[in-house]
Amino acid sequence: MSAPVPPPDDSPAAPQTPAPWGRLQQWWAGLSLRASLLWVLGVTLVTPALLLLVVGQRIAQTQQQTLLAEAMQSVMVVGAASLGDPMWAIDMHAIEAAMRRLLDNPAVVGVRVREERPDAQAIEMGSPTMLARLQRGEAVDGVVVRREDIFREGLLLGSLQVWFDTRLQSPAVRQGQWQLVALVLLQMCASLLVLSVFLTRRVARPVERLKALASAMVAHGAEPSARTERRRLDELGQLGRLMFEVQQQLQDSFGALEEKNRQLQHMALYDALTGLPNRNLFRELVEHDIGQAQRAGGRFGLLFVDLDRFKTINDALGHAMGDQLLIEVAHRLRSTLREADVACRQSGDEFMVLARQVVDWQELATLSERLLHALARPVLLGNTPARVSGSIGIAMFPDDASDFETLVKHADVAMYQAKSLGRARYSFFLPEFNTRRQASVALEQQLSEAIERREFVLHYQPQVHAQHGHMVGCEALLRWHHPARGLLAPGEFITMAEESGLIAEMGLWVRDEACAQLARWKAEGLRPGVMAINVSALEFRDHRLVDSLRDAMMRHDIAPQEVEVELTESALMADSDTSLRIIDRLVELGVRLAIDDFGTGYSSLAYLKRLRPHQLKIDRSFVRDIATDADDRAIVKGVIGLASTLGMDVTAEGVEDEDQRSFLCQEGCTYLQGYGIARPMPAEDMARWMRERVVASA
Ligand SMILES: Nc1nc2c(ncn2[C@@H]2O[C@@H]3COP(=O)(O)O[C@H]4[C@@H](O)[C@H](n5cnc6c(=O)[nH]c(N)nc65)O[C@@H]4COP(=O)(O)O[C@H]3[C@H]2O)c(=O)[nH]1
């Protein structure tokens, strides 16, 4: 077991007074290179100079003392000699005169002559204060006394005492000393000057420049003037070159990093595919405008643009084409807007527009129309011309919301409203749309649970031979028994299923149920003919479509000729290899192929040639006004003519009355389908209908 760790001591540490050596180290460490060089120079030059001076002084002193001793000796000898005669003659004046001459010597501060004669007084001369101190027996610094006996003809006449001030130097010695000091100082200054200039130029300044280079490297700045260092051949030159190389490498790395940084910033704010601002940047711009509009007053519009059926095009033509389409859409939005307005890609096929400084709703309506118009122009995707439309929802600040999120939400809700009104249009936000949108979201949730709850059911609409009137087959049409809203037609949920991806699972169920029903009718002895099954364009990207259809046919013992797959023209636009291979595999499987709603899409005749479907189904919108609209008549005739030339059957959809029926029969239409023959009905009703027809024709 480990010992418990003591809690960290939070009490402030007692301030430690650094030892003198420590303080010196601290001070030394704090010095700049130049200052420390100067200090070293100073110490190394001044110390020997001082030593030189001291030693010189000592030598000078020794010399001085020798000279002084000799000088004192000669003064004593000469003095004693000069006093001999006057003392012999007891000539006091001459004695004093001789003493004064001795005092003329500047080193002599006092003279005393003592005679041996009885009663003779000692005679003293010199500085009175000095004499007084000497008489008191005080020692005076630097003053020495010499004594010399005075003889004449072998007779001791007295003695001479002289006090010398040894502090007085001889001028020659003093001059010599000054010269030495001056020389040493001169040499010291000269050395200091030369060395400091040399060291400053050769070491301190280059090091400072290298330091500046290093600082510039740290600050990522431009290269400072360290070129001179790089030209040198010594260690500092090598260091300069190395640092320069490091700096170049760093600059390259910084350049690359800055570029990366710029790219990252761009990625963080712009959409990589279209180059438009992304939602983050758009939000910032809108929030900025909100702030400005709140301060200064003002309005702006937020438009939510969603492409209609983009998913279908994307899945049918492939993602590369889908991307190309989005780029083109972004370009069109941008070029339709005013300079000040901002378009952003919100996600997928959703775009947003910030329409700045808007005065009224009319202005936004005009802008939306211009945008819709721009989007509606055909786009060439590879070699395939495609048409795309957009639905636009509009919310206005501050009328519909005063914050970004709510503005977007309301514009989104308005966009859904535009979609539900039939797409390719714009809609302003109204508070009640919120409830509708919520209902739509709830419906999507319920749709995802509908298969498990067995709420789907198939209705069947018969198809008859145009000339003979006998039943040739029926179309399986999906219905949803909604728990609250009752029976819903596909128009109310197929798009939602396609957009949410639920269509795949639903398609699986439809194919199985249609084959199962066909088998049941056959088992009942009925002859329903061919079962036409609708397949969404989105399912043509998944090979499981073929496998699941084969499985369903095998499971229920249905022959391929008894099944017809109805695909829309958008699936035909499927330029992608996958879609075309799936269609080829369906043909290989032996099932019939029909092009649904023929004439409403943008299929190219080349596809008809390539795929050779068994039949074309004329959309009911052309059949509806056959009686009154010459164009529709011409189109219907044209489709029938085309089909017969290519050896295909034609089924006319939406046949409701006798006029339509007779026109179609007359033009050679192969099969008819519509309320005029029978409405779509549940399986049991369909069985009854078949039985009644058999009875009627018998
Ligand atoms: N006004 C009028 N309408 C007529 C007449 N005769 C038939 N109709 C309607 O026309 C539609 C024909 O189907 P569609 O063109 O394949 O168009 C279908 C088809 O594209 C799609 N759909 C239906 N069932 C399925 C399905 O199981 N899977 C997929 N992917 N789509 C389906 O939903 C579309 C609509 O289906 P429904 O609402 O059942 O509408 C059916 C049918 O009820 C007529 O004389 N007058």
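Residues numbered from 1 in each chain as written. Predicted model: local features only at pLDDT ≥ 70, side-chain atom pairs only at ≥ 80, totals over all residues. Heavy atoms only, no water.

If you check an unreviewed UniProt entry, the protein chain appears there as Bifunctional diguanylate cyclase/phosphodiesterase from Hydrogenophaga defluvii.

**Concerning the pairing of strand β3 (residues 143-152)**
The line we're drawing: For two strands to be treated as a pair, DSSP must find at least two bridges joining them. Comment: elements are numbered from the N terminus, with helices defined as DSSP H or I runs of at least four residues and strands as E runs of at least two.
The pairing of β3 with strand β4 (residues 155-165) spans 10 bridges and is antiparallel. By the bridge assignment, aspartate 149 is partnered in β4 with serine 159. Hairpin connection between β3 and β4: a loop of 2 residues separates the two successive antiparallel strands, and glutamate 153 in this loop has a positive phi of roughly 50°.

**With respect to the site of the ligand**
Threshold: If even one non-hydrogen atom of a residue comes within 4 Å of a molecule or strand, that residue is called near it. Polar contact is the term for a pair of N or O atoms within 3.5 Å; when the atoms are in protein, one must be able to donate a hydrogen and the other to accept it, and sequence-neighboring residues count only if both atoms are side-chain atoms. Here the accessible surface of atoms and residues is derived via Shrake-Rupley with a 1.4 Å probe, and residues count as covered only by protein chains that are part of the display.
As a structural note, the neighbourhood of the ligand is formed by 23 residues, with Glu475, Arg479, Asp596, Arg620 and Glu656 the closest of them. Glutamine 461 is positioned such that a nitrogen or oxygen atom in its side chain is 3.0 Å from a nitrogen atom of the ligand. Take serine 536: an N or O atom from its main chain is 3.5 Å from a nitrogen atom of the ligand. Taking 790 Å² as the accessible area of the ligand by itself, protein coverage stands at 83%. For the shell around the ligand, the secondary structure elements donating two or more residues are β13 (471-482), β15 (530-535) and β17 (592-598). In terms of residue count, β13 provides more of the shell around the ligand than any other element does, 4 residues in total.

**Concerning the nonpolar core**
Here is the rule: Here the nonpolar core consists of buried residues drawn from Ala, Val, Leu, Ile, Met, Phe, Trp, Tyr and Cys, with membership extended through side-chain atoms lying within 4.5 Å. Burial here depends on accessible area, computed with a 1.4 Å probe over protein chains only, as a share of the maximum for the residue type. Under 20% is buried, over 50% is exposed, and the range in between is partly exposed. Contacts are assigned to residue pairs with any non-hydrogen atoms lying within 4.5 Å of each other.
In terms of nonpolar packing, the biggest core is built from 78 residues, with Trp521, Leu664 and Leu672 touching the most fellow members. Looking at this core element by element, the count peaks at 7 residues for helix α15 (residues 503-523). Excluding anything up to four places from it in sequence, leucine 672 contacts Pro462, Gln463, Val464, Ala466, Thr651, Ala652, Val655, Arg661, Leu664, Cys665 and Ile677. Counting residues in each nonpolar core, the second largest holds 30 residues, with Ile313, Leu367, Leu371 and Val379 among its members.

**Points about the pairing of strand β10 (residues 390-397)**
Every other side chain in a regular strand lies on the same face of the sheet, so the side chains alternate between the two faces. Along β10, 8 of the 8 residues are buried, which leaves the element largely enclosed by surrounding structure. The side-chain alternation of β10 yields two buried faces, one formed by Gly390, Ile392, Ile394 and Met396 and the other by Ser391, Gly393, Ala395 and Phe397.

**Notes on the sheet that holds strand β7 (residues 350-355)**
The following threshold applies: In this analysis an axis means a line fitted to C-alpha atoms, helices contributing only their contacting stretch, and an angle means the value between N-to-C directions, from 0 to 180 degrees.
An order of β6-β7-β5-β10-β11 is seen for the 5 strands of this open sheet, with the pairing classed as mixed. Strand pairing shows two members of the sheet lacking a second neighbour, β6 (342-347) and β11 (426-428), which therefore form its edges. Strand after strand, the sheet turns through a mean of 20° between neighbouring axes, direction not considered. Sheet strands in contact with helix α12 (residues 404-420) are β5 (300-307), β7, β10 and β11, and its direction is about 145° off that of β10.

**Comments concerning the side chain of glutamine 161**
Looking at the secondary structure, you find glutamine 161 in strand β4. Setting aside chain neighbours within four positions, we find glutamine 161 in contact with Gly110, Val111, Arg112, Val145, Arg146 and Arg147.

**Structural notes on helix α11 (residues 361-376)**
Residues spaced three or four apart along an α-helix point in a common direction, a consequence of the helix completing one turn every 3.6 residues. Here is the rule we go by: A helix's residues, less one, multiplied by 1.5 Å, set its expected span.
When the terminal C-alpha atoms of α11 are compared, their 22 Å separation across 16 residues agrees well with the 22 Å that a helix rising 1.5 Å per residue should span. Looking only at α11, the buried set comprises Leu364, Ala365, Leu367, Ser368, Leu371, Leu372, Ala374 and Leu375. In the core, the buried residues of α11 are packed alongside β5, α10 (319-336), β7, β10 and β11.

**Here's the deal with α15**
With 21 residues, α15 ought to run about 30 Å at 1.5 Å a step, and its terminal C-alpha atoms sit 30 Å apart, in line with that. Of all the positions in α15, only Ile503, Met506, Gly507, Val510, Arg511, Ala514, Cys515, Ala516, Gln517, Leu518 and Trp521 are classed as buried. Among the residues trailing α15, glycine 525 stands out with phi positive, at a value near 90°.

**Quick notes on the state of the cysteines**
Short version of the rule: Note that a disulfide, as used here, is simply two cysteine sulfur atoms within 2.5 Å.
With the rule as written, the count across this model stands at 0 disulfides. Distance from the sulfur of cysteine 665, which forms no disulfide, to the nearest cysteine sulfur (cysteine 669) is 7.6 Å. Residue classification places cysteine 669 among the buried residues on the basis of a relative accessible area of 2%.

**Examining the packing of aromatic side chains**
Quick note on the threshold: Working definition: a ring pair exists when centres of Phe, Tyr or Trp rings (six-membered ring for Trp) sit within 6.5 Å. Plane angles under 30 degrees give stacked, over 60 give edge-to-face, the rest tilted. The rule is short: NZ of Lys or CZ of Arg within 6 Å of the ring centre and within 35 degrees of the ring normal puts a charge over the ring.
Taken as a whole and assessed by the stated rule, the structure comprises 11 aromatic pairs. Arranged with centres 6.3 Å apart and planes meeting at 65°, the rings of phenylalanine 282 and phenylalanine 404 form a pair that is edge-to-face. Residue phenylalanine 282 is located in helix α8 (residues 279-296), and its partner phenylalanine 404 is located in helix α12; the two are separated by 122 residues in the primary sequence. For the pair formed by phenylalanine 282 and phenylalanine 404, the shared burial category is buried. Centre to centre, the rings of tryptophan 480 and phenylalanine 493 are 5.7 Å apart; their planes meet at 85°, and the pair counts as edge-to-face. Separated by 13 residues along the polypeptide, tryptophan 480 in strand β13 and phenylalanine 493 in the loop between β14 (486-488) and α14 (494-500) bring together distant segments of the chain. On the accessibility criterion, tryptophan 480 (0% relative accessible area) is buried. Classification of phenylalanine 493 by relative accessible area gives buried; the value is 0%. We note arginine 679 situated over the ring of tyrosine 675; from NZ or CZ to the ring centre the distance is 3.8 Å.

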